[in-house]
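One letter stands for each residue in the lines below.
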Amino acid sequence: MKWLTALCLSTALAWAGITLAEEHYRAPAPDGLRQGGTVADTLPAPPMAGESRESGREVLNYPEQPPVVPHSIRDYQVDLRHNQCLTCHSRENAVRAGAPMVSVTHFMDRHKQVLAAVSPDRYFCTQCHVPQTDATPLVENRFQTVDQVLGEMLRESQGGEP
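The structure displayed is predicted, hence computed values, not measured ones. (Residues numbered from 1 in each chain as written. Predicted model: local features only at pLDDT ≥ 70, side-chain atom pairs only at ≥ 80, totals over all residues. Heavy atoms only, no water.)

(A) How the structure looks around the overall build of the chain. Helix and strand counts for the chain stand at four helices and zero strands. Taken from N to C terminus, the helices and strands of the chain fall in the order α-α-α-α. Looking at the 162 residues of the chain, the share that counts as buried comes to 13%. Sequence separation of 24 or more characterises 42% of the internal contacts of the chain that already satisfy a separation of 6 or more. Surface accessibility of the chain: about 13,700 Å² in total, with carbon and sulfur atoms responsible for 59%. (Helix = DSSP H or I, 4+ residues; strand = E, 2+ residues; numbered from the N terminus. Buried < 20%, exposed > 50% of the residue type's maximum accessible area, 1.4 Å probe, protein only. Contact = heavy atoms within 4.5 Å. Areas by Shrake-Rupley, 256 points an atom, 1.4 Å probe, with all protein chains shown as cover.)

So, in structure tokens, the structure goes:
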């Protein structure tokens, strides 16, 4: 008889837990940066950002910043067997293609040992480099470049206004 009571009690608790979880899952509240809806709702995705109208290389905002890609890389093949980025940016092809060669840091392993080819750690370009787009920021951004921060510190140290 004790096992029947324990079975009934555990079944009731499981049913109550599932009901409460489902109720919480459908709670009306925005989640993250997505506007409205619930976690359970499937809303249409916002339109993809277009390619930037500006051409050319962006100015880097801080040392060691990976540059953005100033051209479309849609349908580029980058996998274990082939890296389409290296058809223009490799040491052998960069001058002929008129493209910047990959950085010398891409030819070093994690122990700073120089390699003859691009390091496997740096082989998948889109881990760090992203295409330049005309997307509007999702959140307010007050980012300052290194030069702006240093200039502000210099003005403050000289008694000027920030």
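(B) Broad picture of helix α4 (residues 146-157). For α4, built from twelve residues, the straight-helix expectation of 16 Å at 1.5 Å per residue is met to within 8% by its first-to-last C-alpha distance of 16 Å. Following α4 by one or two positions, G159 has its phi on the positive side, about 85°. (Expected span 1.5 Å × (residues − 1).)

(C) Expanded view of the packing of aromatic side chains. Tallying each qualifying case throughout the model produces one aromatic pair. Centre to centre, the rings of Y123 and F124 are 5.2 Å apart; their planes meet at 90°, and the pair counts as edge-to-face. Taking relative accessible area as the criterion, Y123 reaches 18% and is therefore assigned buried. On the basis of relative accessible area, F124 is assigned to the partly exposed category, the value being 29%. It is R91 that lies over the ring of F107; its NZ or CZ is 4.5 Å from the centre. (Phe/Tyr/Trp six-rings, centres within 6.5 Å; stacked < 30°, edge-to-face > 60°. Lys NZ or Arg CZ within 6 Å of the ring centre and 35° of its normal.)

(D) Highlighting the UniProt feature "binding site: heme c 2" (unreviewed entry) in the chain. Feature annotation in UniProt assigns "binding site: heme c 2" (unreviewed entry) to the following positions: H106, C125, C128 and H129. Over a stretch of 24 residues, the named residues converge on one spot in the fold, their C-alpha atoms separated by at most 12.7 Å. Within the secondary structure, C125 is located in the loop between α3 (94-97) and α4. Those residues within four positions of C125 in sequence are excluded, and the remaining contacts are N83 and C85. (UniProt positions renumbered as here; feature names shortened; annotations may be inferred.)

(E) Representation of the UniProt feature "binding site: heme c 1" (unreviewed entry) in the chain. The UniProt feature table records "binding site: heme c 1" (unreviewed entry) at H71, C85, C88 and H89. The greatest C-alpha distance among the residues just named is 13.0 Å, despite their covering 19 residues of sequence, which places them together in space. Checked against the element boundaries, H71 lands in the loop between α1 (2-25) and α2 (86-89). Discounting residues that sit within four places of it in the chain, H71 has contacts with Y76, H89 and P131. Along the chain, C85 turns up in the loop between α1 and α2. Note on C85: relative accessible area 14%, which makes it buried. If sequence neighbours within four positions are ignored, C85 has contacts with Y76, V78 and C125.

(F) Looking closely at the confidence of the model for the chain. Averaged over all residues, the pLDDT of the chain equals 81, while 80% of them reach at least 70. Ranking the elements of the chain by mean pLDDT puts α1 last with 71 and α2 first with 94. (pLDDT = per-residue confidence, 0-100.)

(G) Summary view of the nonpolar core. Membership of the largest hydrophobic core is limited to five residues, which are L86, V102, F107, V118 and Y123. V118 has contacts with L86, V102, H106, F107 and Y123, leaving out every residue within four places of it along the chain. (Core = buried A, V, L, I, M, F, W, Y, C linked by side-chain atoms within 4.5 Å.)

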